[in-house]
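Each chain, written out:
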Amino acid sequence: MSRTQKMIYIALLVAQGVVIGLIENMIPYPFAFAPGAKLGLANLITIISLFTMPKKDSFTLVWMRLILTTLLGGTLSTFLYSMSGAMLSYFAMACLRILGPKRISIIGISAAGGFMHNVGQLLTASFIAQSWTVMLYLPILSFFGILSGIAIGIAANFLLQRVQTLQKFQIAYEHQTKQSWR
């Protein structure tokens, strides 16, 4: 695959992630009894990137998505929360991916990412509030984060099995890493 194809692929995924993130920001919080709980739909792009491109490229994609989404519809505060959640989630998913398909599924990796995203955001909130009591909200957010992670993992699995372009990049990446998730 050429460098140009790779750059276009990354740009398209970033654009999709930004659009999904902006649309999700327009949706009111779906869970009235869990303020701040969101679906995390843009994480779909992160999951897809973890299974179709090298870690360096997927890491760059996550940063580009965070920065562009903030510039187009966020604040410094939303950037801090999004960044801490996204980075902790990304690193957890990247580490779990190393376990391989015999030990963990794409859905399991995504569920862990949903959980760790909430941990990252609550750690940031604890730091800003200078109080660990914010972490008492973790069990409630964890439930929704894991549930959302499972749904996103199912969607990512479906897309990786059905979209030819994603399959092409996944096969090339699997050939590179010698680890098949299909």
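Preceding this section is the structure that the text describes.
Keep in mind that what you see is a predicted model, and the values were worked out from it rather than measured. (Residues numbered from 1 in each chain as written. Predicted model: local features only at pLDDT ≥ 70, side-chain atom pairs only at ≥ 80, totals over all residues. Heavy atoms only, no water.)

Caption draft 1: Structural view of the overall build of the chain. A count of helices and strands for the chain gives seven helices and zero strands. In the chain, the succession of helices and strands from N to C terminus is α-α-α-α-α-α-α. The C-alpha radius of gyration of the chain comes to 16 Å, within 12% of the 16 Å expected for a compact globule of 182 residues. When its C-alpha atoms are laid out on the principal axes, the chain stretches across 50 × 35 × 25 Å. When the 182 residues of the chain are sorted by exposure, 42% land in the buried category. In the chain, the share of contacts with a sequence separation of at least 24, taken over all contacts with a separation of at least 6, comes to 70%. Carbon and sulfur atoms make up 71% of the accessible area of the chain, which amounts to about 9900 Å² in all. (Helix = DSSP H or I, 4+ residues; strand = E, 2+ residues; numbered from the N terminus. Rg over C-alpha atoms; globule rule 2.2 N^0.38 Å. Buried < 20%, exposed > 50% of the residue type's maximum accessible area, 1.4 Å probe, protein only. Contact = heavy atoms within 4.5 Å. Areas by Shrake-Rupley, 256 points an atom, 1.4 Å probe, with all protein chains shown as cover.)

Caption draft 2: Local environment of the packing of aromatic side chains. For the structure shown, the criterion picks out seven aromatic pairs. Relative to Phe91, the ring of Phe59 has its centre 5.6 Å away and its plane inclined at 35°; by these criteria the two rings are tilted. One end of the pair, Phe59, is in helix H3 (residues 55-73); the other, Phe91, is in helix H4 (residues 76-97), and 32 residues separate them in sequence. The exposure class assigned to Phe91 is partly exposed, which follows from its relative accessible area of 43%. Relative to Phe91, the ring of Tyr90 has its centre 5.6 Å away and its plane inclined at 75°; by these criteria the two rings are edge-to-face. Classification of Tyr90 by relative accessible area gives buried; the value is 2%. Members of the aromatic cluster, each reached through a chain of ring pairs, are Phe59, Trp63, Phe79, Tyr90 and Phe91. (Phe/Tyr/Trp six-rings, centres within 6.5 Å; stacked < 30°, edge-to-face > 60°.)

Caption draft 3: Summary view of a nonpolar patch on the surface. Among the surface-exposed residues, Val19, Ile23, Met26, Ile27, Leu39 and Leu41 lie close enough to one another that they form a single nonpolar patch of about 520 Å² accessible area. As for its position among the elements, Met26 is in helix H1 (residues 3-26). (Patch = residues over 30% accessible without salt bridge, like charges linked within 9 Å, V, L, I, M, F, W, Y side chains within 5 Å. Salt bridge = Lys/Arg side-chain N within 4 Å of Asp/Glu carboxyl O.)

Caption draft 4: Inspection of the environment of Val14 at higher detail. Along the polypeptide, Val14 turns up in helix H1. For Val14, a relative accessible area of 3% translates into the label buried. In this structure the C-alpha to C-alpha distance between Val14 and Gly74, which are 60 residues apart in sequence, comes to 16 Å. With residues near it in sequence (within four places) discarded, Val14 still touches Leu61, Met64, Arg65 and Leu68.

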